[in-house]
Amino acid sequence: MASQAARSFNGNMKKAVAGLRRINLDGLRWRVFDAKGQVLGRLASQISTVIQGKDKPTYTPNRDDGDMCIVLNAKDICVTGSKLTDKVYHWHTGYVGHLKERTLKDQMVKDPAEVIRKAVLRMLPKNKLRDDRDRKLRIFPGSEHPFGDRPLEPYVMPPRRVREMRPRTRRAIVRAQKKAEQQQQDANDPRKGKKKDTRELVASNYSSLFGLMKVVEE
């Protein structure tokens, strides 16, 4: 770790390399995730897949074959909806009545790396391999990291799949569009207006004729 990249790293070096000696790095790939502009849950699901080794054909649930995951720009992560204020983290200090809570917005200000770490860990199976997989996850709030001498591989996030419109909603929109086009054509066509006036005149004549017939019968 005494490389040029490690010496130029301005963050907490002790925390960045903690537990690396307990990981067998032989044959592991160093995958780099850029969290800038990514949705928290979608990014965490991809990290949990790679860190478990589920993207490999040799995946086995009882073995830890996952790759090293380096997450950069954790402070620029995004969330959807109103989760910044609605999502709340709870923990207890152990003393009576000391139930603490902190919103996602406050946690992003205090430690954005912990937000991604909790999201990933809660997607992993709760077994003996969880701590080993946690050591393979290295999260940094900015773009600087001390692993520049490693063979890094940028991870390309899959395109976001937007759910198609429901058939019932699509049919309603098509009907509304056709109705608007028909109304526009009727307004631009003078013959339609004449036909409408003729129908109104015939209806009024019929009503007056029926009125006269009633008077004569009386």
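Residues numbered from 1 in each chain as written. Predicted model: local features only at pLDDT ≥ 70, side-chain atom pairs only at ≥ 80, totals over all residues. Heavy atoms only, no water.

- By the naming in an unreviewed UniProt entry, the chain is Putative ribosomal protein L13, taken from Rosa chinensis.
- Taken verbatim from the UniProt record of the chain, the Sequence similarities (unreviewed entry) comment is "Belongs to the universal ribosomal protein uL13 family." (UniProt positions renumbered as here; feature names shortened; annotations may be inferred.)

A short note on the nonpolar core
Nonpolar side chains in soluble globular proteins generally cluster together in the buried interior.
Stage number 1. Ranked by internal contacts, the top residues of the largest apolar core, which has 26 residues, are Phe33, Leu43, Ile47, Val71, Ile116 and Leu137.
Stage number 2. Secondary-structure elements contributing two or more residues to this core are α3 (40-52), β2 (68-72), α5 (104-110), α6 (112-121) and β5 (137-139).
Stage number 3. With 12 residues, the next largest nonpolar core counts Phe9, Ile23, Trp30 and Leu72 among its residues. (Core = buried A, V, L, I, M, F, W, Y, C linked by side-chain atoms within 4.5 Å. Buried < 20%, exposed > 50% of the residue type's maximum accessible area, 1.4 Å probe, protein only. Helix = DSSP H or I, 4+ residues; strand = E, 2+ residues; numbered from the N terminus.)

Here's the deal with the pattern of salt bridges
Stage number 1. A complete count under the given rule lists 9 salt bridges for this structure.
Stage number 2. Note that Lys56 and Asp67 form a salt bridge whose closest N and O atoms lie 2.8 Å from each other. A residue pair is termed long-range when its members are at least 10 positions apart, and Lys56 in the loop between α3 and β2 and Asp67 in the loop between α3 and β2 qualify at 11 residues.
Stage number 3. Put simply, Arg63 and Asp65 hold a salt bridge, and the shortest N to O gap is 3.5 Å.
Stage number 4. Using a relative accessible area of 48% as the deciding quantity, one classes Arg63 as partly exposed. (Salt bridge = Lys/Arg side-chain N within 4 Å of Asp/Glu carboxyl O.)

A word on the pairing of β2
Stage number 1. For β2, a buried count of 5 out of 5 residues is recorded, marking the element as mostly surrounded by other parts of the structure.
Stage number 2. Burial of the side chains of β2 extends over both faces: Met68, Ile70 and Leu72 are buried on one face and Cys69 and Val71 on the other.
Stage number 3. Sheet analysis places strand β1 (residues 30-34) next to β2, joined by 5 bridges and oriented parallel. Paired with Asp34 across the strands is Leu72, a residue of β2.
Stage number 4. As for the winding sense of the linkage, the β-α-β connection from β1 through α3 to β2 is right-handed.
Stage number 5. Two strands pair when backbone bridges link them, and β2 and β5 are joined in this way by 3 bridges, in the parallel orientation. Among the inter-strand pairings, Ile70 is bridged to a residue of β5, identified as Arg138. (Pairing = 2+ DSSP bridges. Right-handed = clockwise from strand over helix to strand, strands pointing away.)

Points about the sheet that holds β2
Stage number 1. Read across the sheet, 4 strands follow the order β5-β2-β1-β6 without closing on themselves; strand pairing throughout is parallel. The outermost strands of the open sheet, each flanked by one partner alone, are β5 and β6 (152-154). Direction aside, neighbouring strands of the sheet carry axes that sit 25 degrees apart on average.
Stage number 2. Relative to β6, β1 runs parallel, the two being bridged by 3 bridges. Each bridged residue has a counterpart across the sheet, and for Val32 the counterpart in β6 is Pro154.
Stage number 3. The sheet contacts of α3 involve β1, β2 and β5, and relative to β1 the element is tilted by about 180 degrees. (Axes fitted to C-alpha atoms, helices over the stretch in contact; angles between N-to-C directions. Contact = heavy atoms within 4.5 Å.)

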